[in-house]
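# Topology and contacts: notes
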Amino acid sequence: MNAPSAVNLAGNIEEQLPLDIIDFIRKAGDAAEKQQQRLYLVGGLVRDLLLERGGTDIDMVVEGDAIRMAQEVAGLVQAKVTVHPRFGTATLKWGKRSADLITARAETYARPGALPKVKPGTIRDDLARRDFTINAMAVELNPRRYGELIDPSGGRRDLDKKLVRVLYAKSFTDDATRIWRALRYEQRLDFKVETETLKLIKRDLSMLATISGDRLRHELELALKEELPEKVLCRAAALGVLQQLHPALVADDWLAGVFAAARDSCETGLPHPHLYLALLCYRLTLPELEKLIAFLRLPKAAALVLRDTLAVKAKLPDLEMPGQAPGVIDNLLQGYCPAAYTAVSLASGSAAAAENIELYLNVLRHINPVLTGEDLKKMGVPAGPQIKMLLQRLRQARLDGFIDSQKGEEEMVRRFKP
């Protein structure tokens with residue numbers, strides 16, 4: 001039997017990548033040859049070239065010294081280089097582009113969930129440490145073998161079969177965050193998790209407990225940045241993965257609907273991940289939410305959106321009451337972050353509440369008295385808390401339509417002035 005012919009992706013590179021990236025990787029390959037090192041394109045870009053999806057995320061592996069390579073290439077493309085000697089890595093930035101270079105390495109895990117220990121290795125060592133076969137391919141960039149595909153684990157075969165497959169049976173034990181990544185790739189690419197890999201996910205669900213809240217938060221954030229994050233979350237919920245973050249979290253048809261509504265509400269781009277997160281957490285109680293915030297160690301901005309969302313949600317009975325005065329609506333809704341209003345409007349299912357929230361955002365919050373604190377002082381109001389009190393009363397009167405002019409404000413001040 002004849003050996004299978006080598007696969008070369010030089011044509012894919014030329015057809016799918018922007019010209020400036022092609023120029024960069026050509027120059028990088030020439031520099032590697034000059035330094036007698038071997039340079040490879042790796043990771044998602046190789047996968048996406050085979051899928052004819054193109055891409056601009058450039059990850060490279062050097063059999064040799066990635067930092068020395070980066071410094072050489074930086075001079076060729078007028079790039080800024082940032083080096084990390086401890087990890088043997090470097091990042092190049094030029095214009096709007098960036099590329100990460102790492103030294104080929106092998107990895108071992110001292111215990112489940114621990115960060116790996118690394119040592120220098122070959123390209124095959126480096127590919128063997130990766131998560132899935134479809135991400136464990138490389139393309140050589142040295143001129144003599146430019147474009148040659150290196151695929152020791154059958155990633156190209158799994159791409160053809162639309163499968164997400166781990167490289168070895170202990171993969172999720174070593175790093176359970178790969179469970180989240182498997183679901184992201186499955187849903188993003190419209191693939192299926194391979195049968196044995198799915199069994200391993202179910203077997204190793206408990207290994208998610210070995211992962212810190214910070215790392216799990218990062219995986220959740222990546223899921224929320226997907227084009228259709230509800231697909232990842234619903235799949236995670238069906239497998240029991242989502243509930244490892246908090247048992248009360250639910251992803252279902254309702255969530256898919258409000259996520260779709262969130263996208264429809266955006267004039268440009270995708271909703272901010274904080275809005276998606278607020279919708280995901282909308283059905284939690286406040287104690288459940290606080291436990292999740294603490295576990296994931298959410299940053300202050302994200303935690304504020306979640307707390308504000310539940311605070312506005314708690315006011316739904318009043319927001320839904322017919323005939324509420326504008327001043328009452330204003331008092332109910334003052335002081336919360338914008339994403340909280342949007343989340344409650346989308347998730348509450350209440351047309352009346354959504355209408356009042358829209359009224360507050362578009363009209364009421366912009367209403368202010370004409371008179372200022374300095375004006376009140378000139379009218380004889382003593383400096384101090386009375387100024388603030390009078391300004392608040394003037395605003396309230398404006399909101400409720402009792403006054404509609406500067407003259408009306410001045411008359412009101414004279415009535416209240418001691």
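In the block above lies the structure referred to throughout.
Here is a short report on the structure shown in this document. This one's a predicted model, so the numbers in the text were calculated from it and none came from an experiment.

## Digging into the side chain of Thr 91
Position of Thr 91 among the secondary structure elements: in strand S4 (residues 89-94). Among the polar contacts listed, one links the side chain of Thr 91 to the side chain of Asp 100, at a separation of 2.8 Å. Beyond its immediate chain neighbours, meaning those up to four positions away, Thr 91 contacts Lys 80, Val 81, Thr 82, Ala 99 and Asp 100.

## Regarding unusual backbone geometry
The residue Gln 36 is not glycine, and still its phi comes out positive at about 60 degrees. Mapped onto the elements of the fold, Gln 36 is located in the loop between helix H2 (19-34) and strand S1 (38-42). Judged by its relative accessible area of 75%, Gln 36 is exposed. For Glu 52, which is not glycine, the phi torsion reads 60 degrees and is therefore positive. By the element assignment, Glu 52 lies in the loop between helix H3 (44-50) and strand S2 (58-63).

## Here we look at the packing of aromatic side chains
All told, the structure shown has six aromatic pairs when counted by the stated rule. With centroids separated by 6.4 Å and ring planes inclined at 80 degrees, the aromatic side chains of Tyr 336 and Tyr 341 adopt a geometry described as edge-to-face. Under the relative-accessibility criterion, Tyr 341 is labelled buried at 3%. The rings of Tyr 336, Tyr 341 and Tyr 360 are connected pair by pair, giving a single aromatic cluster. Over the face of the ring belonging to Tyr 185 we find Arg 184, whose NZ or CZ atom lies 6.0 Å from the ring centre. It is Lys 313 that lies over the ring of Tyr 282; its NZ or CZ is 4.5 Å from the centre.

## Considering the sheet that holds S4
Strand pairing within a sheet occurs via backbone hydrogen bonds; the two strands may be parallel or antiparallel. Taken together, the seven strands give an open sheet; going across it, the order is S3-S4-S5-S2-S1-S8-S9, and neighbouring strands pair in mixed fashion. Where the open sheet ends on each side, the last strands, each with one partner, are strand S3 (80-84) and strand S9 (149-150). Bridging between S3 and S4 involves five bridges; their strand directions are antiparallel. From the neighbouring strand, His 84 faces S4, where its bridge partner is Thr 89.

## A look at the pairing of S4
Of all the six residues making up S4, five are buried; the element is thus mostly covered by neighbouring parts of the structure. Between S3 and the antiparallel strand that follows it, S4, lie four residues; Gly 88 among them carries a positive phi value of about 65 degrees. Here S4 pairs with strand S5 (residues 97-103) via six bridges, running antiparallel. Across the sheet, residue Ala 90 finds its bridge partner in S5, namely Leu 101. Taking the residues between adjacent antiparallel strands as the criterion, S4 and S5 are bridged by two residues, where Gly 95 takes a positive phi near 55 degrees.

## What to know about the pattern of salt bridges
Taken as a whole, this structure holds 31 salt bridges when the rule is applied. Notably, a salt bridge pairs Arg 144 with Glu 33, separated by 2.9 Å at the nearest N-O pair. Of this pair, Arg 144 sits in the loop between strand S8 (138-140) and S9 while Glu 33 is found in helix H2, placing the two residues 111 residues apart along the sequence. When the shortest N-O distance is used, the salt bridge between Arg 130 and Asp 126 registers 2.7 Å. It is possible to trace a salt-bridge network through shared partners that takes in Asp 131, Asp 175, Arg 181, Arg 184, Arg 188, Arg 215, Glu 219 and Glu 226.

## Some remarks on the side chain of Thr 309
Topologically, Thr 309 is positioned in helix H15 (residues 300-313). Beyond its immediate sequence surroundings of up to four residues, Thr 309 is in contact with Ala 278, Tyr 282, Ala 340, Ala 343 and Val 344.

What counts and what doesn't
Residues numbered from 1 in each chain as written. Predicted model: local features only at pLDDT ≥ 70, side-chain atom pairs only at ≥ 80, totals over all residues. Heavy atoms only, no water. Helix = DSSP H or I, 4+ residues; strand = E, 2+ residues; numbered from the N terminus. Polar contact = N/O pair within 3.5 Å; in protein donor to acceptor, adjacent residues only side chain to side chain. Contact = heavy atoms within 4.5 Å. Buried < 20%, exposed > 50% of the residue type's maximum accessible area, 1.4 Å probe, protein only. Phe/Tyr/Trp six-rings, centres within 6.5 Å; stacked < 30°, edge-to-face > 60°. Lys NZ or Arg CZ within 6 Å of the ring centre and 35° of its normal. Pairing = 2+ DSSP bridges. Salt bridge = Lys/Arg side-chain N within 4 Å of Asp/Glu carboxyl O.

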